[in-house]
Amino acid sequence: MVETTKEPTLIFMFGATGDLASRKLYPALYEIYKKGNEFAVIGLARRQHTHESYRSMVDRALPQGADRRKEFLDRFYYQPLDITEPENFARLKNISDQIDTQYQLNGNRMFYLSLAPRFFGVAARNLKKAGLTETSGWKRLIIEKPFGHNLESAEKLNHDLLEVFDEAEIYRIDHYLGKEMVQNIEALRFANPIFESVWNHRSIANVQITLSETLGVGDRASYYDQTGALLDMVQNHIMQLLTLTAMEPPSRFEPEDIRQEKVKVLKSIRPMSSDAITNQIVRAQYKQGVMPDGTRIGGYHDENNIDSDSDTETFVAARLFIDNYRWTGVPFYIRTGKRLAAKSTEIVIQFKDIPNNPYLYEFNHIGPNLLVIHIQPDEGLSLKLNVKEFGEEGETVPIAMNFSNNVKRQADTHTPDAYERLLSDCLRGDSTNFTRWDEVAFSWSLTDSIVAAWKDIPLDYYEAGTMGPASSDRLLALDGFCWWPLTRME
Ligand SMILES: NC(=O)C1=CN([C@@H]2O[C@H](COP(=O)(O)OP(=O)(O)OC[C@H]3O[C@@H](n4cnc5c(N)ncnc54)[C@H](OP(=O)(O)O)[C@@H]3O)[C@@H](O)[C@H]2O)C=CC1
Ligand SMILES: O=C1O[C@H](COP(=O)(O)O)[C@@H](O)[C@H](O)[C@H]1O
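Named according to an unreviewed UniProt entry, the protein chain is Glucose-6-phosphate 1-dehydrogenase originating from Sporolactobacillus shoreae. The Pathway (unreviewed entry) field of the UniProt record for the protein chain holds the comment "Carbohydrate degradation; pentose phosphate pathway; D-ribulose 5-phosphate from D-glucose 6-phosphate (oxidative stage): step 1/3." Within the UniProt record for the protein chain, the comment given under Function (unreviewed entry) is "Catalyzes the oxidation of glucose 6-phosphate to 6-phosphogluconolactone."

**With respect to the environment of Leu127**
With respect to the helices and strands, Leu127 occurs in helix 5 (residues 120-129). Owing to a relative accessible area of 0%, Leu127 belongs among the buried residues under this scheme. Spatially, the C-alpha atom of Leu127 lies 9.4 Å from that of Phe111, the residues being 16 residues apart in sequence. The residues touching Leu127, leaving out its near neighbours within four places in the chain, are Phe14, Phe89, Phe111, Leu132, Thr133 and Phe165.

**Some thoughts on the pattern of salt bridges**
In the structure shown here, the tally under the stated rule is 33 salt bridges. Where Asp59 meets Arg69, a salt bridge forms, and the shortest distance between an N and an O atom there is 2.4 Å. With Asp59 in helix 2 (residues 51-61) and Arg69 in helix 3 (residues 69-73), this residue pair connects regions lying 10 residues apart in the sequence. Glu248 is the salt-bridge partner of Arg326, the closest N and O atoms lying 2.8 Å from each other. A residue pair is termed long-range when its members are at least 10 positions apart, and Arg326 in the loop between strand 11 (315-321) and strand 12 (331-337) and Glu248 in the loop between helix 9 (221-246) and helix 10 (255-268) qualify at 78 residues. One connected set of salt bridges, linked through shared partners, spans Arg189, Glu196, Glu248 and Arg326.

**Focus on the UniProt feature "binding site: NADP(+)" (unreviewed entry) in the protein chain**
Following the UniProt record, the feature "binding site: NADP(+)" (unreviewed entry) maps to Arg46, Asp82, Ile83 and Lys145 here. A relative accessible area of 65% means that Arg46 is categorised as exposed. Those residues within four positions of Arg46 in sequence are excluded, and the remaining contacts are Tyr78, Pro80, Leu81 and Asp82. Checked against the element boundaries, Asp82 lands in the loop between strand 3 (76-80) and helix 4 (87-103). Each residue touching Asp82, except ones within four places of it in the same chain, is listed here: Arg46, Asn88 and Phe89.

**Let's talk about the packing of aromatic side chains**
Following the criterion strictly, the structure yields 24 aromatic pairs and no others. Here Trp327 and Phe332 contribute two aromatic rings whose centre-to-centre distance is 5.1 Å and whose plane-to-plane angle is 85 degrees, an arrangement assigned as edge-to-face. Judged by relative accessible area, Trp327 falls into the buried class, the value being 0%. Ring pairs connect the aromatic residues Tyr26, Tyr30, Tyr33, Phe39, Tyr54, Phe72, Phe76 and Tyr78, which therefore count as one cluster. In this arrangement the basic side chain of Arg140 is found over the ring face of Trp138, its NZ or CZ atom lying 3.5 Å from the centre.

**A look at the site of ligand 1**
As a matter of local geometry, ligand 1 sits amid 21 residues, with Thr17, Asp19, Arg23, Arg46 and Leu115 nearest to it. Residue Thr17 places a side-chain N or O atom 2.7 Å away from an oxygen atom belonging to ligand 1. Contact between ligand 1 and Ile83: a nitrogen atom at 2.9 Å from a main-chain N or O atom of the residue. For ligand 1, the accessible surface in isolation is 890 Å², of which the surrounding protein chains cover 82%. Of the residues forming the shell around ligand 1, the biggest block, three residues, is contributed by helix 1 (residues 19-34). Partitioned by chemical class, the residues of the shell around ligand 1 number nine nonpolar, four polar and eight charged.

**Considering the site of ligand 2**
Taken together, Lys145, His175, Tyr176, Lys179, Glu213, Arg220, Asp232, Met233, His237, Lys338, Lys343 and Gln376 make up all the residues around ligand 2. Contact distances for ligand 2 include 2.8 Å between an oxygen atom and a side-chain N or O atom of His175. Taking Glu213, its side chain carries an N or O atom lying 2.6 Å from an oxygen atom of ligand 2. With three residues, the top contributor of residues to the shell around ligand 2 is helix 9.

**Looking at the UniProt feature "binding site: substrate" (unreviewed entry) in the protein chain**
Mapped onto this numbering, the UniProt entry annotates "binding site: substrate" (unreviewed entry) at His175, Lys179, Glu213, Asp232, Lys338 and Lys343. If you trace the backbone, His175 turns up in the loop between strand 6 (170-172) and helix 7 (180-190). By relative accessible area, His175 is classed as partly exposed at 24%. Beyond its immediate stretch of four places on either side in the chain, His175 contacts His237, Ala418, Tyr419 and Leu422. Structurally, Asp232 is set in helix 9. With residues up to four places along the chain from it excluded, the contact list for Asp232 reads Lys145, Tyr223, Tyr224, Thr227, His237 and Lys338.

**Overview of the sheet that holds strand 1 (residues 9-14)**
Pairing in this open sheet of six strands is parallel, and the strands run 3-2-1-4-5-6 from one edge to the other. Looking at which strands have only one partner, the edges of the open sheet turn out to be strand 3 and strand 6. Across the sheet, the mean angle from the axis of one strand to that of its neighbour is 20 degrees, orientation sign disregarded. The pairing of strand 5 (residues 139-143) with strand 6 spans three bridges and is parallel. Looking at the pairing, Leu141 lines up with Ile170 of strand 6. Each of strand 1, strand 2 (39-45), strand 3 and strand 4 (109-113) is contacted by helix 4, which is oriented at about 170 degrees to strand 3, the strand it contacts most.

**Re the nonpolar core**
Ranked by size, the top nonpolar core spans 108 residues in total, and within it Phe12, Phe14, Phe89, Leu92, Leu242, Phe332 and Ile347 carry the most contacts. The biggest single contributor to this core is helix 9, with 13 residues. Counting contributing residues, this core receives three or more from each of domain 1 (9-144) and domain 2 (177-413 + 436-478). With 37 residues, the next largest nonpolar core counts Leu29, Phe39, Val41 and Ala45 among its residues.

What counts, and at which threshold
Counting restarts for each chain, with residues numbered from 1 along the sequence as it is written. Naming scheme: in the order in which they are written, chains are lettered from A and ligands are numbered from 1. Only residues with pLDDT of at least 70 get local features here, since the model is predicted, and only at 80 or more are side-chain atom pairs given and counted; chain-wide, interface and lining totals rely on the full set of residues. The side-chain numbers reported here are obtained from all heavy atoms of the structure, hydrogens and water having been left aside. UniProt positions are given in the numbering used here, feature names are shortened, and annotations may be inferred rather than shown by experiment. A run of H or I in DSSP counts as a helix once it spans at least four residues, and a run of E counts as a strand once it spans at least two, with each numbered from the N terminus. Buried means the residue's accessible area, taken with a 1.4 Å probe over protein chains only, is under 20% of the maximum for its type, while exposed means over 50%, and partly exposed covers the values in between. Contacts were defined at the residue level, with two residues in contact if any of their heavy atoms lie within 4.5 Å. Between Lys or Arg on one side and Asp or Glu on the other, a salt bridge is scored when a side-chain nitrogen of the former is within 4 Å of a carboxyl oxygen of the latter. Under the pairing criterion, centres of Phe, Tyr and Trp rings, with the six-membered ring standing for Trp, must be within 6.5 Å; the plane angle then separates stacked pairs below 30 degrees from edge-to-face pairs above 60, leaving the rest tilted. Note on geometry: a ring has a charge over it if NZ (lysine) or CZ (arginine) is within 6 Å of the ring centre and within 35 degrees of the ring normal. Proximity criterion: a residue is near a molecule or strand once any of its heavy atoms comes within 4 Å of it. Polar contacts, as used here, are pairs of N or O atoms within 3.5 Å; protein pairs need one atom able to donate a hydrogen and one able to accept it. Residues neighboring in sequence count only if both atoms are side-chain atoms. Accessibility throughout is a Shrake-Rupley quantity obtained with a 1.4 Å probe, and a residue counts as covered only by protein chains that appear here. Three classes are used: nonpolar for Ala, Val, Leu, Ile, Met, Phe, Trp, Tyr, Cys and Pro, charged for Asp, Glu, Lys and Arg, and polar for all others, with Gly counted as polar. Two strands make a pair as long as DSSP finds a minimum of two bridges between them. Helix axes are fitted to C-alpha atoms over the stretch in contact, other axes to C-alpha atoms as well, and angles between N-to-C directions run from 0 to 180 degrees. Among buried residues, the Ala, Val, Leu, Ile, Met, Phe, Trp, Tyr and Cys ones that are joined through side-chain atoms within 4.5 Å form a nonpolar core. Domain ranges listed in this record stem from an automatic or a database domain assignment.

Quick look at the structure:
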């Protein structure tokens, strides 16, 4: 297992005045601090702040009534800095050396780039030039998504980062890997022989992965319109869920062994070909509609800062195959979209029927066995079985056996958020839940093949507040399947 020492660290928070830092990173750091991690933070962005005004800004990001607030905030320092100006970094070196000495941080440095990706390369170069990456302790770099916009740009970015950091020092964040039930997939699969023995093409009919959102693009329109659902959600989060669901058991639970198995899955995904693509992928954009709570929503073109002729997809569904011994012939259906009927992330494993099942003919309302991994907002598992109803004349009916973390989460005074887990992992040097370069590269190869082919696919449309266009249902109907409705746990 990975070592879990808490070493004192100087955290360089680039993008300190941004949305992600305030909504996620400061609250996460606060929780980590309360658990006994020793660190100081230098906030960096162009805006002018004093240490005090920066501390007030961080303060506003913390939960109400938080204890040990002042001692936490006192460890925050601010330096205005434009990432593109190397001379700013020389001053940063002086300040960071002083803070390191003051808190006895032993030269350990974490650089968090909560910045637009176009700045990742220049940030690394300027850190090196100013001697900030020459340190007596360890150094680690956390970078946000998206890691490039295709394989070529990702390779260039990776090359730039490797000029300054080793692969083992680069922590590419995918916040889905910090979610409770995503971390539970391995336990479910590899600690339960009843599942592992049927986890293959002999017993599984199909796998359905849904990441649906009710929100639109909010104030990230300029980013989203350049990106779209495929690159925003499929290239990273969906590929991570797919690889965790499909990978072989690692020989040991070491970061490299797990990531090796995930890469093997990515390598085995059948590439998209132009002639087959219309049966394999759907791209669509939402138009006006009514959400389940009755709110009327305009179309994607009505969002602020979106061009009226934008053809960016806000929904993607795909039918993928993993060409290896375990999964041959099993379709993996994936879908994600904005302004859908529900906020939900679920993985559904549909098991095959018994051949010539007499119950299917007698009780036509019974269904296949389904294992549902509820990732959010519910957190738990449901196993759908068919059982005889109680009583003499009892019919055979479908029921669900549920395991739910929902009550525990409500009762817990604090359940770690994904960013808290991942920051904490990085401070400990555990890279298991971060993406290795070859994972990123193989995901880009797949999404590049889709982008190359889908200029031939017309953009479809769906009404806001639905679960996407009818063409998404047809993808499954080709194989005689349907999307299982999203379920809430009791
Ligand atoms: N927000 C979110 O929910 C999510 C964000 N991400 C990723 O996180 C990263 C940050 O996103 P987010 O916080 O939303 O972005 P914001 O636009 O809110 O913040 C960007 C930050 O970068 C700083 N900045 C911009 N230009 C420069 C510059 N030339 N030199 C120094 N600092 C600069 C800005 O500060 P200033 O203007 O003061 O310079 C600001 O602090 C992105 O990679 C994004 O894709 C990933 C998942 C979710
Ligand atoms: O990375 C992203 O994820 C969010 C969805 O994250 P979740 O944890 O709320 O499920 C998505 O809204 C955003 O567009 C994307 O960049």
